[in-house]
Amino acid sequence: MLYNICDEFTKITETRGTIQNTSQCYSIEISDSAEAGNTFLLYPLNSISFSGNVYLRCTERGGHVRVNVVSFVVNAAAGSSTGSSSGFDSFTDADIEDIFKDP
């Protein structure tokens, strides 16, 4: 589901899955409540997996961010549901092994 997030906390309907910040300039705050304080920052063009009730808001006053939320986990290690940041400069274990293979 796509969400247009402003600088006020918005509760998303999904309770597990992956959040993708599609903004190229604004970070978003992720919290388990609609109150500031205990938040996690998700930087532009990054994603993180989650479970539980989640509230999102743009860190820039007056800013708007388009956020994509899917109900499945993306880029998590096997057996893990922790967050994962991905981008063009990300490497997997397989990529590293390929670099160091004997020719």
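It should be emphasised that the depicted structure is a prediction, and the values quoted were computed from it without experimental measurement.

Reading guide: rules and limits
- Residues numbered from 1 in each chain as written.
- Predicted model: local features only at pLDDT ≥ 70, side-chain atom pairs only at ≥ 80, totals over all residues.
- Heavy atoms only, no water.
- Buried < 20%, exposed > 50% of the residue type's maximum accessible area, 1.4 Å probe, protein only.
- Helix = DSSP H or I, 4+ residues; strand = E, 2+ residues; numbered from the N terminus.
- Pairing = 2+ DSSP bridges.
- Core = buried A, V, L, I, M, F, W, Y, C linked by side-chain atoms within 4.5 Å.
- Contact = heavy atoms within 4.5 Å.
- 1 Å grid on protein atoms, 1.4 Å probe; cavity = no way out; pocket = protein on both sides within 12 Å on 5 of 7 lines; lining within 4 Å.
- Points joined across faces, edges and corners; volume = space filled by probe spheres on them.
- Nonpolar A, V, L, I, M, F, W, Y, C, P; charged D, E, K, R; others polar.
- Salt bridge = Lys/Arg side-chain N within 4 Å of Asp/Glu carboxyl O.

(A) The arrangement of the pairing of strand 1 (residues 2-5) in detail. Side chains Tyr3 and Ile5 project from strand 1 onto a buried face, and the interleaved Leu2 and Asn4 project onto a face without burial. As paired strands, strand 1 and strand 8 (residues 65-70) are joined by 4 bridges and run antiparallel to one another. By the bridge assignment for strand 8, Asn4 is matched with Arg66.

(B) Broad picture of unusual backbone geometry. Its identity is not glycine, yet Leu45 carries a phi of approximately 60°, on the positive side. Position of Leu45 among the secondary structure elements: in the loop between strand 5 (39-42) and strand 6 (47-51). For Leu45, a relative accessible area of 51% translates into the label exposed.

(C) Highlighting the sheet that holds strand 7 (residues 55-58). Strand order in the open sheet formed by 4 strands is 2-7-4-5, and the pairing between neighbours is antiparallel. For this open sheet the edge positions go to strand 2 (10-11) and strand 5, each flanked by a neighbour on one side alone. Sheet topology places strand 4 (residues 28-31) next to strand 5; 4 bridges connect them, and they run antiparallel. The residue of strand 5 that forms the bridge with Ser31 is Thr39.

(D) Main features of the nonpolar core. Counting residues in each nonpolar core, the largest one holds 15 residues, and the members touching the most others are Ile12, Ile19, Ile28, Ile30, Leu56 and Val67. Counting only elements with at least two residues in this core, the list comes to strand 1, strand 4, strand 6, strand 7 and strand 8. Leave out the neighbours within four places in its chain, and Val67 touches Met1, Leu2, Tyr3, Ile5, Ile19, Gln20, Thr22, Ile28 and Leu56.

(E) How the structure looks around the layout of surface pockets. Each pocket or cavity is described by its volume, and for the second largest pocket that value is around 160 Å³. If you trace the second largest pocket, you find 13 residues lining it, with Ile30, Ser31, Phe40, Phe50 and Val54 closest to the centre. Going through the elements one at a time, strand 4, strand 5 and strand 6 are the ones with two or more residues in the lining of the second largest pocket. Sorting elements by how many residues they give to the lining of the second largest pocket places strand 6 first, with 4 residues. Residue composition of the lining of the second largest pocket, by class: 6 nonpolar, 6 polar and 1 charged.

(F) Spotlight on the pattern of salt bridges. Evaluation of the coordinates by the stated rule reveals 1 salt bridge. With a closest N to O distance of 2.6 Å, Glu29 and Arg57 form a salt bridge. In this pair, Glu29 sits in strand 4 while Arg57 sits in strand 7, placing the two residues 28 residues apart along the sequence.

(G) Broad picture of the pairing of strand 6. The buried fraction of strand 6 is high, at 4 of 5 residues. Alignment of strand 3 (residues 16-21) against strand 6, held across 5 bridges, turns out to be antiparallel. Paired with Gly17 across the bridge in strand 6 is Phe50.

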